[in-house]
Structure formats: C-alpha cells, structure tokens
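So you can see what is in the structure, the chains are spelled out below.
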Amino acid sequence: MTVLQTTGPGDALLELTARDPGSLELISGWLLEQIRPATRLAYGKDIARLAAFLEDHDVRLLEATRPQVAAWAESMRRTVLEDGRRAMSEATIARRLSSASSFFTYATQMGDLEVNPIKDMKRPRRHADEDGIAWLDHGQMIAFLEAAQQHSRRAHAVVAVMLTTGARTSEVLEAGAADLGHTGGHRVLTVTRKGGKRQHLPIAPWVGVVLDAYLEGRTDGPLFATSPRGGGRGRLDEPALHRLVRRVAQSASLPQARAVHPHSLRHSALTEALERGCSLRDVQALAGHIDPRTTERYDRMRSRLDHSPDRKSTRLNSSHLVI
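The shown structure was predicted, so the numbers you read here are calculated from the model rather than taken from an experiment.

> Just to check I follow, could you spell out the pairing of strand β5 (residues 198-202) for this structure?
Residues in a regular strand project their side chains so that they alternate between the two faces of the sheet. Across the two faces of β5 the burial differs, with Q199 and L201 buried and R198, H200 and P202 not buried at all. Pairing of strand β4 (residues 186-192) with β5 involves 5 bridges; the strand directions are antiparallel. Note on β5: the bridge partner recorded for V188 is P202. Where β4 folds back on β5, the antiparallel hairpin that results is connected by 5 residues, among which G195 adopts a positive phi of roughly 85°.

> Just to check I follow, could you spell out the pattern of salt bridges for this structure?
Pairing is possible between side chains that carry opposite charge, provided their charged atoms lie close to one another. Following the criterion strictly, the structure yields 13 salt bridges and no others. Between E63 and R60 there is a salt bridge, with its nearest N and O atoms 3.5 Å apart. Owing to a relative accessible area of 44%, E63 belongs among the partly exposed residues under this scheme. Assessed through its relative accessible area of 34%, R60 is described here as partly exposed. Put simply, E74 and R78 hold a salt bridge, and the shortest N to O gap is 3.1 Å.

> Before we go on, may I ask you to explain the packing of aromatic side chains in this structure?
Two descriptors summarise a pair of aromatic rings, namely the distance from one centre to the other and the angle between the planes of the rings. A full pass over the atoms with the stated rule returns 4 aromatic pairs. Seen in terms of ring centroids, W30 and Y43 are 5.4 Å apart; in terms of plane orientation they differ by 15°. Their pairing is stacked. Linking W30 in helix α1 (residues 21-32) with Y43 in helix α2 (residues 37-56), this pair joins segments that are 13 residues apart in sequence. There is no split in this pair, since W30 and Y43 are both buried. The interplanar angle of 55° and the centroid separation of 5.6 Å between the aromatic rings of F103 and F104 together place this pair among those described as tilted. F104 matches F103 in its accessibility class, with the two residues each being buried. Among the aromatic side chains, those forming a connected cluster through ring pairs are W30, Y43, F103 and F104.

> Please explain the nonpolar core as it appears in this structure.
Soluble globular proteins: nonpolar side chains tend toward being buried together. With 51 residues, the main nonpolar core has F144, L211 and F224 as its most contacted residues. For this core, the elements supplying multiple residues, two or more each, are α5 (138-151), α6 (153-165), α7 (169-174), β4, α8 (205-215), α9 (238-251), α10 (262-275) and α11 (280-287). If one sorts the elements of this core by residue count, α6 sits on top with 8 residues. Setting aside residues no more than four positions away along its own chain, L211 makes contact with A157, V161, L180, I203, L223 and F224. Formed by 29 residues, the second largest nonpolar core is a distinct cluster that contains W30, M76, F103 and I118.

> Can you walk me through helix α4 (residues 90-109) in this structure?
Side chains of residues three or four places apart in an α-helix project in the same direction, reflecting 3.6 residues per turn. The first and last C-alpha atoms of α4 sit 28 Å apart over 20 residues, in line with the 28 Å expected at 1.5 Å per residue. G111 sits one or two positions beyond α4 and adopts a positive phi of about 85°.

Calculation rules
Sequence positions are assigned chain by chain, starting from 1 and proceeding in written order. Per-residue local features are limited, in this predicted model, to residues with pLDDT of at least 70; the limit for side-chain atom pairs, both in listing and counting, is 80 or more; totals at the level of whole chains, interfaces and linings are taken over all residues. Note that water and hydrogens are dropped before the side-chain values are worked out from all heavy atoms of the structure. Throughout, exposure labels follow a simple rule: accessible area from a 1.4 Å probe, protein chains only, divided by the maximum for the residue type, with under 20% read as buried, over 50% as exposed, and the rest as partly exposed. Strands here are runs of E lasting at least two residues and helices are runs of H or I lasting at least four, both read from the DSSP assignment and numbered beginning at the N terminus. A strand pair is defined by DSSP finding two or more bridges across the two strands. In the sections that follow, a salt bridge refers to a side-chain nitrogen of Lys or Arg positioned within 4 Å of a carboxyl oxygen of Asp or Glu. Between 30 and 60 degrees the pair is tilted, below 30 it is stacked and above 60 it is edge-to-face, where a pair is any two Phe, Tyr or Trp rings, Trp via its six-membered ring, whose centres lie within 6.5 Å. The nonpolar core is taken to be a set of buried Ala, Val, Leu, Ile, Met, Phe, Trp, Tyr and Cys residues, with the residues joined through side-chain atoms within 4.5 Å. When checking whether two residues touch, look at their non-hydrogen atoms; a contact exists if any pair is within 4.5 Å. Any helix carries an expected span of 1.5 Å times its number of residues minus one.

Written out as structure tokens, the structure is:
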C-alpha cells in the first residue's frame, strides 16, 4: 500500500494501491492540476479504487484496457448493502469513470500512454437514478431543523445554511468563517463554485442568528470546524457531515432517514424554492447550475410526484382495504 499526499488547501492522504512509482508521480501531477480541493480528494479516491481493483487482477494502472475498466464498473453495480439495495448509484459510477478518463487523458498528454483506453466508453447517464434521491418536503425540513437544533449548535448551523442556500456539500465544507459578510444590505456567504467562480449566497436573518450563536464571534478558520485530538481547529469533512445528517434524520423520525445524505439538503432547498413559486432562472442562479436543464430536473422530479394520477384519485381510500 503506497500513500500519496496531495498538496494545497484541504490536504488529504490518499492510499493508492500501485506497484510502480511512475504511476504515483503521474497521479500526483494530475491531481495538482485540479483547482478545487474537493475535486482533488474525490478524483484521488476514484483512481485509488480503480488501481486497487486492477491490482487484484495483476494489472498495472497504466496497462488497463477498456474491458478491464468496464469490469470495474460492473463490479460496482453488483455491490449491494445488507438490505439488498445497491451500494452505488449509476451517477456515482459515471463520476468514477469520468475521473478515470480524466486521468488517462492526462497520461496521454504527458506521453505515458498512447491513447486513453476508455475515451469512447459508454457511461451511465448522470440523471439515471433520479428516484434514488431522497429529499424533504416543507414539514420534514422543519422537523429536520428542530432535530438539528437539539443535536448541537454546529449541527443547527450547517443544516440551516444548507436547507436555505441550497449550497453544495463541498462549497459549505470549504467555506471559512471569513467568507461571511455583507453586501447590498444583505448578509451573505461567499462560496467557491465549480470552475473556481466565487458567488454570494444570501443568508436569511434567522440563519444569521443561528450562525452567530455557533461561531461565538469567531472570524477565522473553517466556517464549520472540528476539534482534533491533537489540538487546534480542523475542518468538518464530508464523511463526518454524512454521519451527522444521518443521525439528525433519525432523530427527526423521517421515514426516509436511512436514505438522507448531505445532497438531500441541497435538493430539498432547491425543491422548496420551486414550490414557493421561484422561477427556474432564479433557482438556477441560486444553485450555481451552468446548464438550465440541470435545474429543470429538480422541477421535473417534484412535478412528477405531485401530479401523479394516483394522488388525484378519489375512487380508492382506506375503507376499501381489507386487513
């Protein structure tokens, strides 16, 4: 097991199973060209998983063929949880294949490969698993906030921010306390969006009160911090946030508690904005979507359930059931 350390903000140790130092140097260079720390971390983990799969089959990373990478994708589809549900969605598999293709393209540009072996490989469509996304309706959002408030000040603050701004998990976790400010008479949180663009997100007055109670006057360091055993102040990371969200969902007694994760909060915020009658254009701007079709997916999922014929049916009700 070889350990590769990336540099820059959000440093992380990535364990890569690879047998030649050359591939590790290549991976390091590839990761260093990724601007956002969250992208570096995600790409590093993805290529580590591929390298580990290949090594189990006595194949070096730079010797991978298209069928072998396809076999990796198929192995992910066949990984199931104890309750029989798939562990990984098609969207996750698509993202991991995209990471692998990005690495192989970099390797060809650096002269270590002649061609990207999976350049023309078919990948799952990113929105193939729309029904696998769990989100909260208005009442559940309130219950979730109340449960977060009972959990801790930090939990209340991070949940309040995510459920009202619709920010991505990475944007919230990478934000610093100094990114809170004011402009045009509004309290804002400035986040770094995909592509490195900086954008102000409005902070509702009551959310500002929750944040101030959590920060207690702190103006430096991560916006949402941890207290490492070694002292100092660390940054809340995605696995810890995932665990926090799952615990809060269970405390709120949500029927879909086991399926709720940090992205569910973003999805809920954007769906709630559409429910309130906000225009697709305004929601697109809030979400930071470059393509309006991405925003339309949220509206389509919401409308498909709300307008389903079975919700409008009055011919059947509980009196017809025999128990």
